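# Inside the fold
Okay, here's what each chain looks like letter by letter:
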Amino acid sequence: MIRGRKYFTRICAVSILWVFALFLISGCGGKKGAGNTPKNPPSLEETLKKGIKPNELGMVMMIEYHWFGENESEYTRSYENFKKDLETLYRKGYRLVSFSHLMSGKMNIPAGTTPVVLSFDDSTESQFRYIEEGGKIRIDSECAIGIMMEFCAKNQDFGFTGIFNILRSLFEQPKYVRRKLKYLKSKGFEFGNHTEHHYALAKLTPTEIKKEIALPIERMMKIDPTLRFVTLCLPYNSVPESTDILFKGSYGKTRYSYKYVIGTGGTPFYPVYHYKNPGKIIPRVLAVDYDPEDGSGYKGSDYWIKYFDKHPELRFISDGDPDTICAPAYMKYRLNASGIPKGSRFVGY
Ligand SMILES: [Zn+2]
C-alpha cells in the first residue's frame, strides 16, 4: 500500500506531538515521581509469565545524601559518584518515589521494579545551585538537581523526585530561595523539617525541641504559605526520651503534626503493612561505596544494593498494581493488618 508524502508528513507530525505529550505527562515534570505505570495494571498471570516475581513484602530503602563536591569525602558524595548511583539504581530496576508515596503503602510503579527514596539533608548549595550566564539564570549541571535533571531526561521512567530536609541555609543562595523551593515543589519534590539549628534533640528540653521544630515552619510559611514539611528529619539521629513531641506539638501559634519521622540507622526497612515495619521513625542508608577489604561503607547504599543482588528474595518487587499487596502466598502471615492501606488487599501466588 503506497501512501502520499503528505500522509507520511502528517503521521510524523502527529507522532512527534504524541511523543511531546507523553514527555509532558511522564517526563521530569511528572508529579507522581514514579515511572510509567499503565492505567490498567497488568494481571498477575501476565506478570508471572514475564518471569517477574512480585514481592511487596520485601524491603525498601531510603538513601541519605548531604554535600556534593568534586571529591568524595565523609558526608560528601562526588558528582561522579552521584551520577554512578543514579545509573546503578536505574539499571538494577529501582525507581524514584517520594517519601509520602513510599509510606502510603500503595506503590504505583511498574511491575518488576523497586521503589527507592533519595533524601538530601542540610539544604546545601551543592544540592541545588543556580548560575548566571550571559544574563540568563540556569540550574548548574554540576549540582545534585542538575545531575538528576539530565539523567531523568534520558531515562524518563526512572522518576524525578526525592525529599529535601531543609535547614536555615536554604541552599545558600539567598536570592534564589523562593525560586528553588517553587521549582522543587512544582516537580513533586517534598520537604522535610531538619530543625532550626541542627542540634541533637536528645540534649534539649521539651520546650526547646518544640521551638526547634516550629521555627522552620514559620519561616517556610513566610516564604510561601503553600509550602509544607511532610516530615521531621532528626539531626544526628538524636532521639529524645519522650518521642511524642516529635510527632505532634505546638510552639507559640505554630502547630505541627507528623505521621513519621526520618532518622538514620543504616538499614533498609519493611513496608508499613509488614509485621516488621520500623514504626514511626524511618531508617535510612548513607550514600557511600562499600569496600569489603577494609569494611568502609558497611551498611551504606552500595553495601545494601549489593546485598539485594545476592538476596533478591528480600527485596521489594512491585506487581504494578497499587491496590494489591502481592507476594508469594506463604508470606501472608507477615502482614500487619493495622498497616494495610484502605482499599488494598493481599494477593498471594
Ligand atoms: Zn543534617
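For the structure, check the block above.
Residues numbered from 1 in each chain as written. Predicted model: local features only at pLDDT ≥ 70, side-chain atom pairs only at ≥ 80, totals over all residues. Heavy atoms only, no water.

### A look at the overall build of the protein chain
When you go through the protein chain residue by residue, the secondary structure sums to nine helices and 17 strands. The buried share of the protein chain, taken over its 349 residues, is 51%. Long-range contacts, defined as pairs at least 24 residues apart, comprise 67% of the intrachain contacts of the protein chain with a sequence gap of at least 6. Approximately 17800 Å² of the protein chain is accessible, and the part contributed by carbon and sulfur atoms is 55%. (Helix = DSSP H or I, 4+ residues; strand = E, 2+ residues; numbered from the N terminus. Buried < 20%, exposed > 50% of the residue type's maximum accessible area, 1.4 Å probe, protein only. Contact = heavy atoms within 4.5 Å. Areas by Shrake-Rupley, 256 points an atom, 1.4 Å probe, with all protein chains shown as cover.)

### Structural notes on helix H7 (residues 206-223)
Between the first and last C-alpha of H7 there are 27 Å, a value that for 18 residues agrees with the 26 Å anticipated at 1.5 Å per step. When H7 is considered as a whole, its buried residues turn out to be Ile 209, Glu 212, Ile 213, Ala 214, Pro 216, Ile 217, Met 220 and Ile 223. (Expected span 1.5 Å × (residues − 1).)

### Focus: the pattern of salt bridges
Tallied over the full model, the rule gives 18 salt bridges. Here Asp 85 and Arg 77 are joined by a salt bridge, their closest N and O atoms 2.8 Å apart. Taking the relative accessible area as the measure of exposure, Asp 85 reaches 9% and is therefore buried. Across the pair Arg 219 and Glu 196 runs a salt bridge whose closest N-O atoms are separated by 2.6 Å. Of this pair, Arg 219 sits in helix H7 while Glu 196 sits in the loop between strand E9 (190-193) and H7, placing them 23 residues apart in sequence. According to the relative accessible area criterion, Arg 219 is partly exposed, its value standing at 28%. When salt bridges with common partners are traced through the structure, they connect Glu 72, Arg 77, Lys 84, Asp 85 and Asp 289 into a single cluster. (Salt bridge = Lys/Arg side-chain N within 4 Å of Asp/Glu carboxyl O.)

### Comments concerning the packing of helix H3 (residues 79-91) against helix H5 (residues 144-154)
The interhelical angle for the contact between H3 and H5, taken along N-to-C directions, is 35°, at an axis separation of 10 Å. Like other packed secondary-structure pairs, H3 and H5 cross with a definite hand, here right-handed. Between H3 and H5, the contacting residues are Tyr 79, Phe 82, Lys 83, Leu 86, Glu 87 and Tyr 90 on the first element and Ala 144, Ile 147, Met 148 and Phe 151 on the second. Grouping the constituent residues of the contact of H3 with H5 by class yields eight nonpolar, no polar and two charged. (Axes fitted to C-alpha atoms, helices over the stretch in contact; angles between N-to-C directions. Left-handed = near helix turned anticlockwise from the far one by under 90°. Nonpolar A, V, L, I, M, F, W, Y, C, P; charged D, E, K, R; others polar.)

### As for the coordination of the zinc ion
All of the protein donors around the zinc ion are Asp 122 (OD), His 194 (NE2) and His 198 (NE2); their distances to the metal are 2.1 to 2.2 Å. Positions of the donor residues of the zinc ion, expressed as sequence spacing, correspond to D-x71-H-x3-H. Comparing His 194 with His 198 shows no difference in burial state: the two are buried. (Donors = N, O, S within 2.8 Å, 3.2 Å for Na, K, Ca; no water.)

### Focus: the packing of aromatic side chains
Within the structure shown, the criterion is met by 25 aromatic pairs. Judged by centre distance (5.7 Å) and plane angle (70°), the rings of Phe 128 and Tyr 183 are edge-to-face. Here the residue Phe 128 occupies a position in the loop between strand E5 (114-121) and strand E6 (130-133), and Tyr 183 occupies one in helix H6 (residues 177-186), the gap between them amounting to 55 residues. Note on Tyr 298 and Tyr 303: the rings are 5.0 Å apart at their centroids and 75° apart in plane angle, and the pair reads as edge-to-face. Members of the aromatic cluster, joined through ring pairs, are Tyr 65, Phe 68, Phe 82, Phe 120, Phe 128, Tyr 130, Phe 160, Phe 164, Phe 171, Tyr 176, Tyr 183 and Phe 189. The ring of Tyr 130 carries Arg 179 above its face, with NZ or CZ at 5.1 Å from the centroid. Over the face of the ring belonging to Phe 247 we find Lys 280, whose NZ or CZ atom lies 4.2 Å from the ring centre. (Phe/Tyr/Trp six-rings, centres within 6.5 Å; stacked < 30°, edge-to-face > 60°. Lys NZ or Arg CZ within 6 Å of the ring centre and 35° of its normal.)

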